[in-house]
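The residues making up each chain are set out below.
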Amino acid sequence: MTVNRIVSEGKTRVVVTVDSEYTFPLYKGELARYRIREGEELSEEAFAEIMRTLLPKRAKLRCMYLLKSRSYTRKQLMEKLRAGKYPEEVIEEALSYVESYGYVNDAAYARSYVEDQIGKKGLRRIEEELLRKGVDREMIEEAVSQVQERDGGQDETALIAALLEKRHFRPAEADLSEKRRMQAFLFRRGFSAEGIRRAMSGGCYDD
C-alpha cells in the first residue's frame, strides 16, 4: 500500500491518503509510530490496526465526548465525524456503537425537540428543522402526535397572539406594509396561513 499524501491539519493532526482511495486522520506522533512517510509503503498490518482498532476507538470516544454536552441525531454525529475525515466504515461502526447503548435515539430526540419548541414555533418550522437534523419524517409525525396527545394540541392562534404581544405589534394600528412584514415573519416561524389569518383577524387583517 502506497502513502500518496500527508496533509497537515493544525498543529497536531494530519490526514493521510493511501492508494489514492483510503483517507483517514492521525496525530503527527502516530506517523512515526506506524512509519508512515509520503511516497513510501504502508504495511498491511499497520493499515489494519489503524482502520480496525485505532480509528474506531477514537471515533467512538469522539461521539461520547460530543454527547456529554448535548443530544445529537444520527445524521448530526455522522456529519461531525465526516468533518474529522474519518472513513465511512469507521463512522458506521462508531454510530452503531452509541446507538446500541441508547446514546443516540432519533425518535427520543424528536420528542424532546418537539416538547421544547412547540410553545415557541409553528409545527411546520419544527418539522423542517428536524428534517434538516436528519430525523425521519415518520418519526417526526409520531413525536408531534405523542406530544400533542399528552399535552394537548398546539393553540396556534394563542401562540401567534403571544408573539405579537411580545413584539408590541398591534394589527389594528399597523399599516398594510407592516402587516405584510409581520405575516412573513410568522410564516417563517412555521405558522400556517390560516393560523396567521385568525390571529390577525377581526378587521386587522387585509386579504
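Please read these numbers as outputs of a predicted model, since none were measured by experiment.

(A) Here's a closer look at the pairing of strand β1 (residues 3–9). For β1 and strand β2 (residues 13–18), the ladder comprises six bridges, and the chain directions are antiparallel. Directly across from Glu9, in β2, lies its bridge partner Arg13. Count of turn residues in the β1/β2 antiparallel hairpin: three residues, of which Gly10 carries a positive phi of about 80°.

(B) Highlighting the sheet that holds β2. Strand order in the open sheet formed by three strands is β1-β2-β3, and the pairing between neighbours is antiparallel. Looking at the sheet topology across the chains shown, the edges are occupied by β1 and β3 (22–27). Pairs of neighbouring strands in the sheet enclose a mean axial angle of 20°, with direction left out of account. In the sheet, β2 pairs with β3 via six bridges, with the strands oriented antiparallel. Bridging from a neighbouring strand, Val15 pairs with Pro25 of β3.

(C) Structural detail: the packing of helix α2 (residues 44–69) against helix α3 (residues 74–83). Where α2 contacts α3, the two axes come as close as 11 Å, and the packing angle between them is 125°. Classed by the angle they form, the pair α2 and α3 counts as oblique. Between α2 and α3 the crossing geometry is right-handed. Mapping the contact onto sequence places Ala59, Arg62, Cys63, Leu66 and Leu67 in α2 and Leu77, Lys80 and Leu81 in α3. Class assignment for the residues of the contact of α2 with α3 results in six nonpolar, no polar and two charged.

(D) The confidence of the model for the chain, seen in detail. For the chain, per-residue confidence averages 88 on the pLDDT scale, and 95% of positions sit at 70 or higher. A low-confidence stretch, residues 202–207 stays under pLDDT 50, and its non-local contacts, those more than four residues away or across chains, total nine contacts.

The rules behind the values
- Residues numbered from 1 in each chain as written.
- Predicted model: local features only at pLDDT ≥ 70, side-chain atom pairs only at ≥ 80, totals over all residues.
- Heavy atoms only, no water.
- Pairing = 2+ DSSP bridges.
- Helix = DSSP H or I, 4+ residues; strand = E, 2+ residues; numbered from the N terminus.
- Axes fitted to C-alpha atoms, helices over the stretch in contact; angles between N-to-C directions.
- Parallel < 35°, antiparallel > 145°, perpendicular 65-115°, else oblique.
- Left-handed = near helix turned anticlockwise from the far one by under 90°.
- Contact = heavy atoms within 4.5 Å.
- Nonpolar A, V, L, I, M, F, W, Y, C, P; charged D, E, K, R; others polar.
- pLDDT = per-residue confidence, 0-100.

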